[in-house]
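Chain residues, written in single-letter form:
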Amino acid sequence: SDDEVKTGTGNSMYSGQVAIGTAAGFQLKDNGRGGNNTTDLNGATSGTGTLFTDADDVWGNGTTSSRQTAGVDAHYGSQLTWDYYKNVHGRNGIKNNGVGARSRVHYGNAYVNAFWDGTQMTYGDGQSNARPLTSIDVAGHEMTHGVTQATANLNYSGDAGGLNEATSDIFGTLVEFSANNATDKGDYLIGEKININGNGTPLRYMDKPSKDGRGSQDCWTTGTKNLDPHYSSGPLNHWFYMASEGTGAKTINGVNYSTTSCNGTTFAGAGRDVVGKIWYRTLTTKLSSGSNYAAARNGVINSAKELYGAGSAQCLAVQRAMAGINAPA
Ligand code: ASN
Ligand code: ZN
Ligand code: CA
C-alpha cells in the first residue's frame, strides 16, 4: 500500500552501501520517517522535481554515472538527521510534528552549494557536476536550518546569523558522528567530502575556524555582527569544539586538531554528546530571532545548570569555553 515501509539498498557516493527507507513501487519515500522523500530536479532550479522511483529497490551505483546516486546520499542524510533528532533529543522531525521533508537533488548545472529554502533541502552537483553537495554533514546542516526556523527562528544577520549558521554546523557534525559510517567518520570539519576548494580541504574547521582563510573568526568581537553568517559562526563553532574536547591538541578518528582559547585559559571538555544536549536546550528554550552571543553565553550556562546542576563539570566546561571565545557576558 501507499504508506508501506520498505528498506532499500542504496549505493551512495560518500557513505558506501547503506540501508534506506523506501516505499512500495519502489519510491524514494521514507514512510517510517514522516514521508521524507527525495526528488530529481534534473537541472531545473524551480519546481518540486520528480520523485525517484526504481524497479528493484537497489538504488544508485556509488558514482555520478547513475543519477540516483546523489538521491541516495541526500535521502540517507535526511534519514540520519531524522534519527539523530528523534533518538537524541526526542524531536519528531523538523517541526516536531512527525512530518518529513523533501530533498531535491541535481539542482541547476555544476551548482556548488546546498540550501534550505524554508520548506525543503536542495543540493547542487558541485564542480563539473562531479561532487554532489550531499555529504552527511552538509545534509545535517541544511535540515538543521529547518529545525532552527521551527524553534529559535534566529535571524540570518547580526550575531544571530552566526548563531544560526553554527547551529547547523554543530548538529550537522553531531549527525555525522552519530552515523558512525565507515567511509564518512565523524569529524569537526564541515564539507570534507565534497572537495569544495578543489584541493581536498574542507569548507570549515570547528577547532580553529580561521584556518579556512576566508574570514571566519575564532573569537567574538564587536565586529562579529557585521560579518557573513558563515564567518560570524566561527566563535560558536570554536566554543562547541572547546566545550566538547577541551583546549590543546587531540586526534579523533584519525584527524588532528589543535585549539587555543582566546583568553589564554586551558580546560577539559565535557564531551560532544553533553554539549549537543546543552546547545539543543539553549536553541529550543532560551533563544529567539534577535539573540546575540551574550544571549548564547547566558543560555548555555542556564541550560547546563538545568540539565546537570550549577557547579557541575558540564556547566564549567560550557562556561569556560564561552569565556574562551570572548563571548560578552
Ligand atoms: N549552504 C549554505 C548554507 O546552508 C547556503 C547559504 O549560503 N545560505 O548556509
Ligand atoms: Zn547554512
Ligand atoms: Ca564533517
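Owing to the predicted nature of the structure, the values given are computational and were not obtained by experimental measurement.

Another aspect to go through is the overall build of the protein. Scanning the protein for helices and strands turns up eight helices and 13 strands. Its C-alpha atoms give the protein a radius of gyration of 19 Å, near enough to 20 Å, the size a compact globule of 329 residues would have. A principal-axis box enclosing the C-alpha atoms of the protein has dimensions of 60 × 40 × 35 Å. By residue count, 55% of the 329 residues in the protein fall in the buried class. The contacts in the protein between residues at least 6 apart in sequence include a share of 62% that link residues at least 24 apart.

This part covers the site of ligand 1. Around ligand 1, the structure places N113, A114, F115, H141, E142, H145 and E165. Those elements giving two or more residues to the shell around ligand 1 turn out to be β8 (114-116) and α2 (136-150). At three residues, α2 tops the list of elements feeding residues into the shell around ligand 1. Here the shell around ligand 1 is composed, by residue class, of two nonpolar, three polar and two charged.

Moving on to the domain arrangement of the protein. What the domain assignment reports for the protein is domain 1 (6-150) and domain 2 (158-323). Taking only C-alpha atoms into account, the centre of domain 1 sits 25 Å from that of domain 2. With 22 residues of domain 1 in contact, the opposing surface of domain 2 contributes 26 residues. Partitioned by chemical class, the residues of the side of domain 1 that touches domain 2 number eight nonpolar, twelve polar and two charged.

Rules of the game
Residues numbered from 1 in each chain as written. Chains lettered and ligands numbered in written order. Predicted model: local features only at pLDDT ≥ 70, side-chain atom pairs only at ≥ 80, totals over all residues. Helix = DSSP H or I, 4+ residues; strand = E, 2+ residues; numbered from the N terminus. Rg over C-alpha atoms; globule rule 2.2 N^0.38 Å. Buried ≥ 20, exposed ≤ 12 C-beta atoms within 10 Å, placed from the backbone. Contact = placed C-beta atoms within 7 Å. Near = placed C-beta within 6 Å. Nonpolar A, V, L, I, M, F, W, Y, C, P; charged D, E, K, R; others polar. Domains from an automatic or database assignment.

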